[in-house]
Amino acid sequence: MSEVKLAVEARTEFGKGAARRIRRESKVPGVLYGHGVDPIHVTLPGHELLLALRTPNVLLALEIEGKKELAIPKAVQRDPLRGFLEHVDLLLVKRGEKVSVEVPVHAEGELAPGGNLLEHVLNALPVEAEATHIPESFTVSVEGLEAGASVLAKDVPLPKGVTLAVEDDAVVLQVLAAQAEEPTAEGAAEAEGEEAAAEA
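Residues numbered from 1 in each chain as written. Predicted model: local features only at pLDDT ≥ 70, side-chain atom pairs only at ≥ 80, totals over all residues. Heavy atoms only, no water.

A.B. asks: Hey, could you go over the pattern of salt bridges for me, with residue numbers and the actual values?
C.D. replies: Under the defined criterion, the tally for this structure stands at three salt bridges. For Glu-9, the salt bridge is made with Lys-27, and the minimal N-O distance between the two is 3.0 Å. Of the two residues, Glu-9 sits in strand β1 (residues 3-10) while Lys-27 sits in strand β2 (residues 27-34), which places them 18 residues apart along the sequence. Residue Glu-9 is classed as partly exposed on the basis of its relative accessible area, which comes to 41%. (Salt bridge = Lys/Arg side-chain N within 4 Å of Asp/Glu carboxyl O. Helix = DSSP H or I, 4+ residues; strand = E, 2+ residues; numbered from the N terminus. Buried < 20%, exposed > 50% of the residue type's maximum accessible area, 1.4 Å probe, protein only.)

See below:
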């Protein structure tokens, strides 16, 4: 798993005005919490953080006022229209510590012929993993699966040291039968028009 180093500043100004000023400087306000310590309000470098967050559950090696801390992202707020980062909550972790995270699930392979559809019931699988060894994703084969088949949580291959934080029989993926296409309202109207023209 990747580890990204970020230089972080402690933040003493709060409120919307302060947050706006921070964002104008291409930085992101955030909060560090965990391990029973009081939350630490911080300012993070915007571009570097954006790149780091492309990796799910990325491990962040933070340097803050001469101290080094490890953290993982727990909640990320983005502007709904422009997509820039507005705020981030980071959970402090220690090497060897187990944490609860959600890891993305990817499907590979071709379903059985017949135009069936694959539904992701869980886009991410809740697991417990060592903070410094969180998998980036899980890959599940759906090769040859037919309508009605499903992949359960217990079917997902987990690396050593990673355990499920959800019921074994929770459905992760399921194969749905292809639906017969219903005529659209427009298509039905056209068909009726053609019939009327034929009768005339």
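A.B. asks: How would you explain unusual backbone geometry if you had to name every residue and give the values?
C.D. replies: At Asn-57, a residue that is not glycine, the phi angle is positive and equals roughly 55°. With respect to the helices and strands, the residue Asn-57 is situated in the loop between α2 (46-52) and β4 (59-64). Look at Asn-57 and you get buried, because its relative accessible area is 11%.

A.B. asks: Residues and numbers for the sheet that holds strand β6 (residues 85-93), please.
C.D. replies: Pairing within the closed barrel is mixed, and its six strands lie in the order β1-β3-β2-β6-β5-β4. Averaged over all pairs of adjacent strands, the angle between their axes in this sheet comes to 45°, without regard to strand direction. The sheet contact formed by β2 and β6 spans four bridges and is parallel. Its bridge partner lying in β6, Leu-32 is registered against Leu-90. (Pairing = 2+ DSSP bridges. Axes fitted to C-alpha atoms, helices over the stretch in contact; angles between N-to-C directions.)

A.B. asks: Please give an account of the nonpolar core that cites residues and values.
C.D. replies: Membership of the largest hydrophobic core comes to 25 residues, with the highest contact counts inside it found for Ile-72, Val-93, Leu-125 and Phe-138. Those elements that provide at least two residues to this core are β4, β5 (67-78), β6, β7 (98-108), β9 (124-130), β10 (138-141) and β13 (171-176). Setting aside residues up to four positions removed in sequence, Leu-125 forms contacts with Val-101, Glu-102, Val-103, Val-105, Phe-138, Ala-153, Val-156, Leu-158, Leu-164, Val-166 and Val-172. Judged by nonpolar contacts, the second largest core, of 18 residues, contains Val-42, Leu-49, Leu-60 and Leu-90. (Core = buried A, V, L, I, M, F, W, Y, C linked by side-chain atoms within 4.5 Å. Contact = heavy atoms within 4.5 Å.)

A.B. asks: Talk me through the side chain of Thr-132; I want residue IDs and the actual numbers.
C.D. replies: Turning to its location among the elements, Thr-132 is positioned in the loop between β9 and β10. Residue classification places Thr-132 among the buried residues on the basis of a relative accessible area of 11%. Of note is the side chain of Thr-132, whose polar atom sits 3.3 Å from the side chain of His-133. (Polar contact = N/O pair within 3.5 Å; in protein donor to acceptor, adjacent residues only side chain to side chain.)

A.B. asks: Explain the pairing of β13 residue by residue, including any values.
C.D. replies: For strand β8 (residues 117-120) and β13, the ladder comprises four bridges, and the chain directions are antiparallel. Bridged to Glu-119 within β13 is Gln-174. Where strand β11 (residues 150-152) and β13 come together, three bridges link them in antiparallel fashion. Each bridged residue has a counterpart across the sheet, and for Ser-150 the counterpart in β13 is Gln-174.

A.B. asks: If you had to explain the environment of Lys-98 to someone new, which residues and values would you point to?
C.D. replies: Mapped onto the fold, Lys-98 is located in strand β7. C-alpha of Lys-98 to C-alpha of Val-162: the two residues are 64 residues apart in sequence and 9.1 Å apart in space. With residues up to four places along the chain from it excluded, the contact list for Lys-98 reads Glu-128, Ala-129, Glu-130, Gly-161 and Thr-163.

A.B. asks: Any chance you could break down the confidence of the model for the chain for me, citing the residues and the numbers?
C.D. replies: Per-residue confidence for the chain gives a mean pLDDT of 84; residues scoring 70 or more make up 84%. Model confidence for the chain, summarised as mean pLDDT per element, is weakest for helix α3 (residues 185-199) at 52 and strongest for strand β12 (residues 163-164) at 96. (pLDDT = per-residue confidence, 0-100.)

A.B. asks: If you had to explain the sheet that holds β9 to someone new, which residues and values would you point to?
C.D. replies: To summarise the sheet geometry, strands pair through backbone hydrogen bonds and adopt either a parallel or an antiparallel arrangement. Within the open sheet, the four strands sit side by side as β10-β7-β9-β12. Their pairing is mixed. Edge strands, defined here as strands with exactly one partner in the open sheet, are β10 and β12. The pairing of β7 with β10 spans four bridges and is classified as parallel. The residue bridging His-106 from the neighbouring strand is Thr-139, located in β10.

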